[in-house]
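Structural overview for review
Take a look at the letters that make up each chain.
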Amino acid sequence: SSRFFSGVVGDNFRELGDNERPEVEKSEEKWLDDLGESAFQVLRGHGTEPPHTHAFNYNKDSGVYSCAGCGTPLFHSSDKYDSGSGWPSFKDNIPGSVVTRTDRGFGMVRTEILCAKCHGHLG
C-alpha cells in the first residue's frame, strides 16, 4: 500500500457538507509531528508540491494509494494515468474515499479534492 497526497480527476465524489467534521481529528502539532513539514504543508496547509517532483508521479507499482494523513485507501493503481500535469492522476477513486470542496482562493473558482476521512488536501 502506497501513501498519496496529490492531484486526482474523476466523478466518484461528493461535496463536503458545510458543517461536516472529519472522522480523524488531531491537533496541528500532532499532524505536523506525524506527517513532517513537507506533507503537513500539502495535506493540512492546502499547499501544492512543485510539478514533476513527487516519486508517486512516476510509480508504476500495482496496489492501492492511501492517504498520507490517515491511511484511508483512496485509489487503485489500475486507475492511475499520465495526465502530463506533473502530479499523479487517477481516472477514479475508491467509492466514498474522497470529497470535494469549492475553493474560491486566488481570485478563481476551483474544486479541491480532500480525503473523506481526515479532510486532508489531495489536490
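Predicted model only: the values in this text are computed from it and were never measured.

Scoring rules and cut-offs
- Residues numbered from 1 in each chain as written.
- Predicted model: local features only at pLDDT ≥ 70, side-chain atom pairs only at ≥ 80, totals over all residues.
- Heavy atoms only, no water.
- Phe/Tyr/Trp six-rings, centres within 6.5 Å; stacked < 30°, edge-to-face > 60°.
- Helix = DSSP H or I, 4+ residues; strand = E, 2+ residues; numbered from the N terminus.
- Buried < 20%, exposed > 50% of the residue type's maximum accessible area, 1.4 Å probe, protein only.
- Lys NZ or Arg CZ within 6 Å of the ring centre and 35° of its normal.

**Considering the packing of aromatic side chains**
- For the structure on display, the rule yields three aromatic pairs.
- Geometrically, the ring pair formed by Phe 56 and Tyr 65 is edge-to-face, given 5.5 Å between the ring centres and 90° between the ring planes.
- For the pair Tyr 65 and Phe 90, a centre-to-centre distance of 5.1 Å together with 65° between the ring planes defines the contact as edge-to-face. Residue Tyr 65 is found in strand β3 (residues 64-67), and its partner Phe 90 is found in strand β6 (residues 89-90); the two are separated by 25 residues along the sequence.
- You can call Phe 90 buried: its relative accessible area is 0%.
- One aromatic cluster is present, formed by Phe 56, Tyr 65, Phe 75 and Phe 90 through successive ring pairs.
- Positioned above the aromatic ring of Trp 31, the side-chain terminus of Lys 26 is 4.5 Å from the ring centre.

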